[in-house]
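Now for the letters of each chain:
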Amino acid sequence: MAISDSKIHSVESIGWFILHCLLFSLISVLTKYVMITGISIVEIIAFQTFFTFIFLTITKKGAFKILPAKKILILHAVRAFFWLIATAIFFKSLNVISLPKATSLSFSTPLFTIIFAIIILKEVMRKYYIIPLILGFIGMLVILRPGFEGYDSGSLLVLLACIMWSITDIIIKHLSIS
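If you're wondering where the values come from, they're calculated on a predicted model, not measured in any experiment.

**Observations regarding the side chain of Lys101**
Mapped onto the fold, Lys101 is located in helix α4 (residues 99-106). Exposure remark for Lys101: the relative accessible area of 17% places this residue in the buried category.

**Some thoughts on the packing of α4 against helix α7 (residues 153-177)**
α7 packs onto α4 with a crossing angle of 35° between their chain directions and a minimal axis gap of 9 Å. At the point where α4 passes α7, the crossing takes the right-handed sense. For the pair α4 and α7, contact is made by Lys101, Ala102, Leu105 and Ser106 and by Ser155, Val158, Leu159, Cys162 and Trp165, respectively.

**Section: a nonpolar patch on the surface**
Residues Met125, Ile130, Ile131, Ile134, Leu135, Ile138 and Val142 make up a contiguous nonpolar surface patch of roughly 670 Å² in combined accessible area. The residue Ile134 is located in helix α6 (residues 127-144) in this model. Residue classification places Ile134 among the partly exposed positions, given a relative accessible area of 48%.

**Observations regarding the side chain of Ser155**
With respect to the helices and strands, Ser155 occurs in helix α7. With residues up to four places along the chain from it excluded, the contact list for Ser155 reads Ile97, Lys101, Leu105 and Leu144.

Rules used in this analysis
- Residues numbered from 1 in each chain as written.
- Predicted model: local features only at pLDDT ≥ 70, side-chain atom pairs only at ≥ 80, totals over all residues.
- Heavy atoms only, no water.
- Helix = DSSP H or I, 4+ residues; strand = E, 2+ residues; numbered from the N terminus.
- Buried < 20%, exposed > 50% of the residue type's maximum accessible area, 1.4 Å probe, protein only.
- Axes fitted to C-alpha atoms, helices over the stretch in contact; angles between N-to-C directions.
- Left-handed = near helix turned anticlockwise from the far one by under 90°.
- Contact = heavy atoms within 4.5 Å.
- Patch = residues over 30% accessible without salt bridge, like charges linked within 9 Å, V, L, I, M, F, W, Y side chains within 5 Å.
- Areas by Shrake-Rupley, 256 points an atom, 1.4 Å probe, with all protein chains shown as cover.
- Salt bridge = Lys/Arg side-chain N within 4 Å of Asp/Glu carboxyl O.

The following block contains the structure:
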């Protein structure tokens, strides 16, 4: 029995997402450690971007030959801007709150992405979205613990970063449609 291309693509996508989670955790730990030594957020993001560029250049050799249309380039620039600001805000939050709390809150990004996809991209709200959305929102509230100790600035910075990362996700989805 042959495995369909969509199943192979799904398994490959899951693998990339797991790799993303592992690398994000590694970057967060390294960033927290490096910021203690006095290296600025700008330098950290510059090194991260440089090494990402090198990695992509090596792994995607033929992908950079054709430049996309001006509209698409502008969308890529806007996406890069939101990613850059979100990453800087997230790294700044690591100075204020603990790494486990920041990482836990960062997992609310899909929550905001789904909400933005429904509002901006006019995606259909499916029944099976409702329960995960509610549970994700409750989980975010449990981590924030509103009313018990008030909101701390680090948690709000992480949520702002998550909202901005969600905007980059929406732009990527829009680019994949165009």
